[in-house]
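One-letter residues, chain by chain:
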Amino acid sequence: GQEVRRKLGLGDTFLAIYAGTHGIAQGLDTVLRAAQLLQDRPDIHILFVGDGPCKAELVALKQKLSLPNVTMLDAQPRDTIPAFLSAADIALVPLRRLKLFEDALPSKIFDAWACECPVVLSMEGEARRVLERANAGIFVPPESPQAMAQAIRSLSEAPERCREYGRCGRRFVKQHYSRQAQAQQLTRLLEEISD
């Protein structure tokens, strides 16, 4: 993580990352508008990593809003993403406010937690329930730049709480979503079926 920060010249800023598809479903304009609300905090930086059908318009919006606190990188090899997540203080996981997404459980939540990176989640439904069960981040209402900016600001001012969310996330992933945990669940299920 430190190497990523060094290469990007981010120093010890509080770093929020979005790593993934830049598509319609994610509503990443909300993140850029949150960044606009955080311009009074030069110690907070937002990093986008990825590509997708909305990338060009997001780059244009970043330029239009004049956001020096945002860096946008192209898609990176999958095996480098843990280094980016380890460099970050929090991971942003937004989706638009649609009933369709209420059963969604984005894998990027578990990627972040595996790297002890807490999550600011902006989606209702199953993902929110898992977040609250894990106690590994903060929920904010979808498509609310104000709520997202406030969550980022709040976590930047509470480093120990942020670290604790990260530890909780890693512990939760190991207990419930690691290959070992899932193999044990499958074994129990097969034993129940065979009885």
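Look a little higher up for the structure.
A quick note: this is a predicted structure, and the numbers were derived from the prediction, not measured. (Residues numbered from 1 in each chain as written. Predicted model: local features only at pLDDT ≥ 70, side-chain atom pairs only at ≥ 80, totals over all residues. Heavy atoms only, no water.)

**Student:** Could you give me a rundown of helix H2 (residues 29-37), with the residues and numbers involved?
**Tutor:** Residues Thr30, Val31, Leu32, Ala34 and Ala35 constitute the buried set of H2. Packed against the buried residues of H2 are strand S2 (44-49), helix H3 (55-65), strand S3 (70-73), strand S4 (90-94) and helix H7 (145-156). (Buried < 20%, exposed > 50% of the residue type's maximum accessible area, 1.4 Å probe, protein only. Helix = DSSP H or I, 4+ residues; strand = E, 2+ residues; numbered from the N terminus. Contact = heavy atoms within 4.5 Å.)

**Student:** Lay out the sheet that holds strand S1 (residues 14-19) in plain terms, naming residues and giving numbers.
**Tutor:** The 6 strands lie next to each other as S3-S2-S1-S4-S5-S6, forming an open sheet whose pairing is parallel. In this open sheet, the two strands that pair with only one neighbour each are S3 and strand S6 (137-139). Taken pair by pair, the neighbouring strands of this sheet meet at an average axis angle of 20°, ignoring direction. Where S4 meets strand S5 (residues 119-122), 4 bridges bridge the pair, whose relative direction is parallel. (Pairing = 2+ DSSP bridges. Axes fitted to C-alpha atoms, helices over the stretch in contact; angles between N-to-C directions.)

**Student:** Pulling in residues and values, what's your account of the packing of aromatic side chains?
**Tutor:** Tallied over the entire structure, the rule returns 3 aromatic pairs. Pairing Trp113 with Phe172 gives two aromatic rings, centres 5.9 Å apart and planes at 85°, and the pair type is edge-to-face. With Trp113 in helix H5 (residues 107-114) and Phe172 in helix H8 (residues 159-176), this pair connects stretches of sequence that are 59 residues apart. The two residues Trp113 and Phe172 agree in class, both being buried. Three or more aromatic residues link up through ring pairs in this structure, and these residues are Phe110, Trp113 and Phe172. (Phe/Tyr/Trp six-rings, centres within 6.5 Å; stacked < 30°, edge-to-face > 60°.)

**Student:** I'd like a rundown of the nonpolar core, residues and numbers included.
**Tutor:** With 34 residues, the main nonpolar core has Ile17, Val49, Phe84, Trp113, Val119 and Leu121 as its most contacted residues. Aside from chain neighbours lying at most four places away, what touches Trp113 is Pro118, Val119, Val130, Leu131, Ala134, Ala136, Gly166, Gly169, Arg170, Phe172 and Val173. Judged by nonpolar contacts, the second largest core, of 31 residues, contains Ile44, Leu67, Ile90 and Val140. (Core = buried A, V, L, I, M, F, W, Y, C linked by side-chain atoms within 4.5 Å.)

**Student:** Outline the environment of Ile81, supporting the account with residue identities and numerical values.
**Tutor:** Following the sequence through the fold, Ile81 ends up in helix H4 (residues 81-87). Using a relative accessible area of 12% as the deciding quantity, one classes Ile81 as buried. Sequence-wise, Ile81 and Tyr18 are 63 residues apart; in three dimensions their C-alpha atoms are separated by 11 Å. Ignoring anything within four residues of it in the chain, the contact list for Ile81 reads Val49 and Gln76.

**Student:** Can you tell me about a nonpolar patch on the surface, naming the residues and giving the values?
**Tutor:** A cluster of nonpolar side chains, Leu186, Leu189, Leu190 and Ile193, forms an exposed patch at the surface whose accessible area comes to about 400 Å². Here Ile193 lies in helix H9 (residues 179-194). A relative accessible area of 60% places Ile193 in the exposed class. (Patch = residues over 30% accessible without salt bridge, like charges linked within 9 Å, V, L, I, M, F, W, Y side chains within 5 Å. Areas by Shrake-Rupley, 256 points an atom, 1.4 Å probe, with all protein chains shown as cover. Salt bridge = Lys/Arg side-chain N within 4 Å of Asp/Glu carboxyl O.)

In short, geometric facts, not functional conclusions.
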